Amino acid sequence: VQEEKIFAGKVLRVHVCTMEGAEWLEEVPEDTTVEKLKERCLKHCVPGSLEDPKTVTHHKLIHATSEKVLTDTKTVLEENIQDRDVLLLIKKRAPPPLPKMADVSAEEKRKQEQKAPDKDAILKATANLPSRSADRTVAHHSMRDFQTELRKILVSLIEVAQKLLALNPDAVELFKKANAMLDEDEEDRVDEIALRQLTEMGFPESRAVKALRLNHMSVTQAMEWLIEHADDPSVDAPLPGQTPAEAAAEAAASPAEAAAGPSSEEGGEEAKDELTEIFKKIRRKREFRPDPRAVIALMEMGFDEKEVVDALRVNNNQQNAACEWLLGDRKPSPEDLDKGIDTNSPLFQAILENPVVQLGLTNPKTLLAFEDMLENPLNSTQWMNDPETGPVMLQISRIFQTLNRT
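Looking up the protein in an unreviewed UniProt entry gives the name Ubiquitin-associated domain-containing protein 1, with the organism given as Mionectes macconnelli. Checking UniProt for the protein, the heading Subcellular location (unreviewed entry) contains the comment "Cytoplasm". The UniProt entry for the protein carries the following text under Pathway (unreviewed entry): "Protein modification; protein ubiquitination."

This is how it looks when you write it as structure tokens:
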């Protein structure tokens, strides 16, 4: 007995099939490579095919059960082929022919024709056109932005609302109501949509309410406050009493009550002036709060903190727009924010003639909404959703959009 037969591996009987329908049993030792098995199969089904060395590489063996392509360098044992397994001998698909040089040139030419012209090509094509000096500043301002224009509208509407409330015989009572609304707004009112957004993030409701009140109902700033104070032991402590606001209300109410007393015309004028000052105090109760992340990001670019706050205030807390403002001509300036719209303009006249706006201007809550949006543009959404102030804001937006199309 020969030595190689004594130590030979287990012999497997494998069932081989071809695409042409040929079938046979192939006896193969476990240590036989897949390439050798493929050669034996080709000798069996395609006599004389091994004269071309490419014939072996152009065929492949596939395990029928697992649909796995067998690797030529591995053995039958390594490919986990069992006795009575079925293998398929298949000729590989021929690779797609390489494109001809003429086809490649035609494709490149087509791409070049579809490519946009570069700057030199544009200058060459427009060299004979008459030059015009277009004022880009005028073109830019002609595309009126609603947010920018809204500030001017609000400034002018606030003046109108103050005059209407001052001329009202019940001016003192209206002021008290407005001031009470302001205090209630600071202490009790919570934007339900903003609160739901924070609670859905996993923050406790009581903590989310506190964060919203401290951050003028801004979801972004409230979320940052919650994250910063997550480990603060006093994070769940109730807010302190609104003593400063109450004191301010009493201090403001006393001159208003005194204004109702005089019956002379001079006393009435003085009362109006004092009431105007009172509304200014109400406005000062709300301060613009810049986005902390935007402040840090812009200061890291080298800008001064005051400049950054001015830029964010001018651009409604939008970081990219604030950066462009800082790098550009810085128009409009922070002082321009207090300038109202032209009262003789068709836009302002159309707003004042709207019945919904006229009725809203006699509501102290509308005045508070205007003041709040002027100082904190992020709070515009909650006033748009308010049943009293929402219809007024909707009419202003519709009138602006209608006139801006004409």
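## Thoughts on the nonpolar core
Core analysis: the largest hydrophobic core is formed by 25 residues, its most contacted members being Ile153, Leu157, Leu347, Ile351, Phe370, Met373 and Ile396. The set of elements that each furnish at least two residues to this core consists of α7 (146-167), α17 (346-353), α18 (355-361), α19 (364-375) and α21 (390-405). By size, the runner-up hydrophobic cluster in this structure holds 16 residues, among which are Val28, Cys41, Leu61 and Val76.

## A short note on helix α9 (residues 192-200)
For α9, the complete set of buried residues consists of Ala194, Leu195 and Leu198. The buried residues of α9 occupy one face: seen down the axis, they fall within an arc of 100 degrees. Projecting away from the buried face of α9 at angles above 90 degrees are the exposed residues Glu192 and Glu200. Downstream of α9 by a residue or two, Gly202 has a phi angle that is positive, lying close to 110 degrees.

## Side note on the side chain of Thr75
Inspection of the secondary structure puts Thr75 in the loop between β4 (68-69) and β5 (86-91). You can call Thr75 buried: its relative accessible area is 16%. Ignoring anything within four residues of it in the chain, the contact list for Thr75 reads Glu30, Asp31, Thr32, Thr33 and Val34.

## Some remarks on the sheet that holds strand β3 (residues 59-63)
Read across the open sheet, the 5 strands follow the order β2-β1-β5-β3-β4; overall the sheet is mixed. What marks the edges here is a single partner per strand, and that holds for β2 (23-29) and β4. Across 4 bridges, the pairing between strand β1 (residues 11-18) and β5 is parallel. Each residue of the ladder has a partner; that of His15, found in β5, is Val86. Across the face of the sheet, helix α2 (residues 34-45) comes into contact with β1, β2, β3 and β5 while running at roughly 145 degrees to β2.

Definitions and cut-offs
Residues numbered from 1 in each chain as written. Predicted model: local features only at pLDDT ≥ 70, side-chain atom pairs only at ≥ 80, totals over all residues. Heavy atoms only, no water. UniProt positions renumbered as here; feature names shortened; annotations may be inferred. Core = buried A, V, L, I, M, F, W, Y, C linked by side-chain atoms within 4.5 Å. Buried < 20%, exposed > 50% of the residue type's maximum accessible area, 1.4 Å probe, protein only. Helix = DSSP H or I, 4+ residues; strand = E, 2+ residues; numbered from the N terminus. Arc of directions from axis to C-beta. Contact = heavy atoms within 4.5 Å. Pairing = 2+ DSSP bridges. Axes fitted to C-alpha atoms, helices over the stretch in contact; angles between N-to-C directions.

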